[in-house]
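Take a look at the letters that make up each chain.
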Amino acid sequence: MGGRRVFVSGVGGELGTLIASLLEDESWVGELSGIDADPPRRRLHRTAFHRMHPDEHDRIVETVTKFNPHVLVHVGVWEPDARAAPHVAATLTDQAATSIIGAAAECPALENVIVRSGIEIYGRARGALTRPSESAPIQPTSQWGHTVAGIEHTAALVGERVGVTVGAVRLAPVLGPHVPSPLGRLLRMPAVPFSVLADPPFAVIQDRDAALAIVAAARVGLSEPVNVVAPGAITVLQAARRGRRIPIPLIGRDWRIARAMSHMLGAPIPDHLSEVFHRGRLADNSRMQELLGIVPETKTTDVVDRLYDWPTVIRQPARIQVA
Amino acid sequence: MSSSLGRVINFPARRGTELATSVVSRATSGISAATTRFTAEQTATVDDWGRDPQLVRMITTLSHFRWSVTVGGDQHLKRRKGALVVVNARRFALAPIFSALAISEALDRPVRFVGRPDTAPIGSFSRRLGGLLDHPDEVAGALSAGELVVMGADHDPRLREVGIVDHALVGAAMLSSVPVFPAATASNPMSRNARIEVGSATRPGRKRRGPLAELELADRVRDDIELMLEEMGEMRTGTPLDWLPITAMGGS
């Protein structure tokens, strides 16, 4: 088991960096390598980082095949309006999935692929289950849902073709101090819109819990999907009240104006986030313990409380004033 | 003679004092229990299924204006484990809802009911009260998570008759390996009095390997509820209205 080669795609993102730093402490991990378009967010001691854009297929294939990983951890995904506009995010995610998973398929040592997915994959159509389990039908109703469904589909196809196991970690919306999240950004606005007629509940996951789950999935060689969701739930109104934000009740066409204004103020509301505000987003996390051997450390309400505890700007004066 | 007379005169006064003491003591214990619940529970939260305990408590209090529910047989239901309770229902009686509220109050644990719509605002409000979609997977998920779920049989206008019990939902209970309890409900459109009697768990008749097991269990639950309705007898308002055929046994 020891000395296995692990390749992490999307290692430059906050979640990817966190995963890589956790993998560095794992005894079963031998060599560790990763790629991303941006450099890692913090210093990684054992990880060999390769900076390349998702559309550089040849370089990606060359790098991945040369490394010949046993385990591929694919977290190179772009959530709409997190770091890129929705159409750009979809393109980048698709390019990364195709080139990285495709490249890994060429590696003879490959045994297991772990992909980062999301509970948006279940969709929130009318009549959709309140807390879908992993066996619920995949019926995405948002662009991000379709994107993660596409990643899982690509990985499953490759897994079937080359005979490796594929595990999908379906994360709830990830919140953390440095994670670019449209949900987190909107909840931290001074005024938070909510649907006065619905105000449905949603669940989230702390970034560290998400990273621990992905590392656990790689360790156990996950070969099926698993929902990774913090226990508990909260509504937008409740979250706004906990954060002492001004809740703005909206109904019907008011949302169109709110979306436009929020976009101008730097907190765009993509369709999967709009879905959270109108239909909620929960998932059954009861199989986490069975499949991964861990449970989330932080409850949804605590994650939201921490969201509001982050300082907006930390100003550190220079130790020596030179001017 | 005088001592005897004294006893006769003193008795109602003493009785009155006892009654007053009892009422005060019950009110005090109720307030202290409510205070404990308020301080123990976090404010502004919903549970994993979107049920809002504060709203449920408020609605339960308000529901006392409409229903004064007597719950019997609740000792059959475990305090922690999951179970499916099947009640008889009539149109507009809201039997699953008042049953869920009353059983929740009796057991002091969240109880959910099946049959919320999925459209705002009614669906959202029902979800806050503990409503689940009428879908076997939804019910199976709740039962597997150790929740107590109340579902209604199909509406049946006949007295002491129970409508068809959805075997798919009963199948969800079987799949989750939780017991299915029959419960007879009686309410009256003319009065507040209502009653819920929970029976012992219904056992499947014979071991089946296929879906026949859930069909047979659903039928047995239905039979058990009908039997319990027979045993409950008619509900009386104590008014001439009882002479009319609207006694509404079975929750009208």
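Up top you'll find the structure we're talking about.
To start, this report covers the structure provided alongside it. Quick caveat: nothing in here was measured; it's all calculated off a predicted structure.

This part covers the pairing of strand β7 (residues 193-198) of chain B. Residues and elements named next belong to chain B. Of the two faces of β7, the one holding Ala194, Ile196 and Val198 is buried and the one holding Asn193, Arg195 and Glu197 is not buried anywhere. Looking at chain direction, strand β1 (residues 68-72) and β7 are connected through 5 bridges and run parallel. The residue of β7 that forms the bridge with Val71 is Ile196. Pairing of strand β6 (residues 180-187) with β7 involves 5 bridges; the strand directions are antiparallel.

Residue and element names in this part refer to chain B. Computed from the structure, the largest pocket encloses a volume of approximately 1,200 Å³. Residue lining of the largest pocket: 45 residues in total, with Asp47, Arg51, Pro110, Arg112 and Glu147 positioned closest to the centre. Sorting elements by how many residues they give to the lining of the largest pocket places helix α2 (residues 53-63) first, with 5 residues. Tallied by class, residues from the lining of the largest pocket come to 14 nonpolar, 14 polar and 17 charged. Put simply, the second largest pocket is a space of about 470 Å³. If you trace the second largest pocket, you find 23 residues lining it, with Pro96, Val114, Gly115, Gly152 and His155 closest to the centre. Of all the secondary-structure elements, those providing two or more residues to the lining of the second largest pocket are α3 (95-107), β3 (111-114), α4 (122-129) and β5 (148-155). Ranked by the residues each element gives to the lining of the second largest pocket, the list is headed by β5, at 5 residues. Residues belonging to the lining of the second largest pocket are distributed by class as follows: 14 nonpolar, 4 polar and 5 charged.

For the structure shown, the criterion picks out 18 salt bridges over all chains. For Glu14 of chain A, the salt bridge goes to Arg42 of chain A, with nearest N and O atoms at 2.9 Å. With Glu14 of chain A in helix α1 (residues 14-24) and Arg42 of chain A in the loop between β2 (29-36) and β3 (47-51), the pair connects residues that are 28 residues apart, well separated along the chain. The closest approach of N and O atoms between Arg195 of chain B and Glu197 of chain B, which form a salt bridge, is 3.5 Å. By relative accessible area, which is 23% here, Glu197 of chain B ends up partly exposed. Several salt bridges converge on common partners, so that one network encompasses Asp199 of chain A together with Asp52 and Arg128 of chain B.

All names here are of chain A. A cluster of nonpolar residues, Ile257, Met261, Met264 and Leu265, forms a patch on the protein surface that exposes about 480 Å² of accessible area. Along the polypeptide, Met264 turns up in helix α8 (residues 254-264). We classify Met264 as exposed; its relative accessible area is 69%.

Moving on, we come to the packing of aromatic side chains. Inspection of the entire model under this criterion finds 3 aromatic pairs over all chains. With a centroid separation of 5.8 Å and 90° between ring planes, the pair formed by Trp255 of chain A and Phe277 of chain A is classed as edge-to-face. Placement of the pair is Trp255 of chain A in helix α8 and Phe277 of chain A in helix α9 (residues 271-279), with a sequence separation of 22 residues. Each member of the pair, Trp255 of chain A as well as Phe277 of chain A, carries the same accessibility label: buried. Between Trp67 of chain B and Phe98 of chain B the ring centres are 5.0 Å apart and the planes differ by 35°, which places this aromatic pair in the tilted class.

Residue and element names in this part refer to chain A. Taken in spatial order, the 7 strands of this open sheet run β3-β2-β1-β4-β5-β6-β11, and their pairing is parallel. Of all the strands in the sheet, just β3 and β11 (225-228) have a single pairing partner and so form its edges. Between one strand axis and the next, the sheet turns through 20° on average, direction left out of account. Pairing between strand β4 (residues 71-74) and strand β5 (residues 112-118): 4 bridges, direction parallel. Looking across to β5, one finds that Val71 is bridged to Asn112. Running over the sheet, α1 touches β1 (4-9), β2, β3, β4, β5 and β6 (165-171) and is turned about 165° from β2. Sitting on the sheet, helix α4 (residues 143-162) touches β4, β5 and β6, and the angle it makes with β5 is about 165°.

A word on the interface of chain A and chain B. The interface of chain A with chain B comprises 23 residues on the first partner and 22 residues on the second. Interface of chain A and chain B: buried area, both sides summed, is about 1,900 Å²; carbon and sulfur atoms make up 48% of it. Here chain A is connected to chain B by 3 salt bridges. Linking Asp48 of chain B and Arg131 of chain A is a salt bridge whose minimum nitrogen-to-oxygen distance equals 4.0 Å. For the pair chain A and chain B, the number of links is 7 residue pairs in polar contact (both at pLDDT 80 or more). At the level of secondary structure, the elements contributing two or more residues to the side of chain A that touches chain B comprise β12 (234-235) and α7 (236-242) of chain A. By residue class, the composition of the side of chain A that touches chain B is 11 nonpolar, 6 polar and 6 charged.

The next point concerns the pairing of strand β2 (residues 83-89) of chain B. All names here are of chain B. Summarising burial for β2: 7 of the 7 residues are buried, a large majority. Burial along β2 is two-sided: the residues Ala83, Val85, Val87 and Ala89 and Leu84, Val86 and Asn88 are all buried. Here β2 runs beside β5; their pairing, made up of 6 bridges, is parallel. By the bridge assignment for β5, Ala89 is matched with His155. Two elements, β2 and β6, share 4 bridges in a ladder whose sense is parallel. Across the sheet, the residue bridging to Leu84 is Val180, located in β6.

Before going further, it helps to examine the side chain of Glu275 of chain A. Mapped onto the fold, Glu275 of chain A is located in helix α9. Residue classification places Glu275 of chain A among the buried positions, given a relative accessible area of 10%.

Attention shifts here to unusual backbone geometry. The residue after Ala120 of chain B, namely Pro121 of chain B, is reached through a cis peptide bond having omega 5°. With respect to the helices and strands, Pro121 of chain B occurs in the loop between β3 and α4. In this structure, Asp81 of chain A takes a positive phi of about 65° despite not being glycine. Structurally, the position occupied by Asp81 of chain A is in the loop between β4 and α3 (86-105). A positive phi angle, near 55°, is found at Ser177 of chain B, a position not held by glycine.

All right, on to the sheet that holds strand β4 (residues 131-132) of chain B then. Either a parallel or an antiparallel arrangement is found when strands of a sheet pair, and the pairing is made through backbone hydrogen bonds. Residues and elements named next belong to chain B. With respect to topology, 7 strands assemble into an open sheet ordered β1-β7-β6-β2-β5-β3-β4, the strand pairing being mixed. Only two strands of the sheet have a single partner each, and these edge strands are β1 and β4. Where β3 and β4 come together, 2 bridges link them in parallel fashion. What sits directly across from Val114, in β4, is Leu132.

Rules and cut-offs
- Residues numbered from 1 in each chain as written.
- Chains lettered and ligands numbered in written order.
- Predicted model: local features only at pLDDT ≥ 70, side-chain atom pairs only at ≥ 80, totals over all residues.
- Heavy atoms only, no water.
- Buried < 20%, exposed > 50% of the residue type's maximum accessible area, 1.4 Å probe, protein only.
- Helix = DSSP H or I, 4+ residues; strand = E, 2+ residues; numbered from the N terminus.
- Pairing = 2+ DSSP bridges.
- 1 Å grid on protein atoms, 1.4 Å probe; cavity = no way out; pocket = protein on both sides within 12 Å on 5 of 7 lines; lining within 4 Å.
- Points joined across faces, edges and corners; volume = space filled by probe spheres on them.
- Nonpolar A, V, L, I, M, F, W, Y, C, P; charged D, E, K, R; others polar.
- Salt bridge = Lys/Arg side-chain N within 4 Å of Asp/Glu carboxyl O.
- Patch = residues over 30% accessible without salt bridge, like charges linked within 9 Å, V, L, I, M, F, W, Y side chains within 5 Å.
- Areas by Shrake-Rupley, 256 points an atom, 1.4 Å probe, with all protein chains shown as cover.
- Phe/Tyr/Trp six-rings, centres within 6.5 Å; stacked < 30°, edge-to-face > 60°.
- Axes fitted to C-alpha atoms, helices over the stretch in contact; angles between N-to-C directions.
- Contact = heavy atoms within 4.5 Å.
- Buried area = accessible area lost by both parts, 1.4 Å probe.
- Polar contact = N/O pair within 3.5 Å; in protein donor to acceptor, adjacent residues only side chain to side chain.

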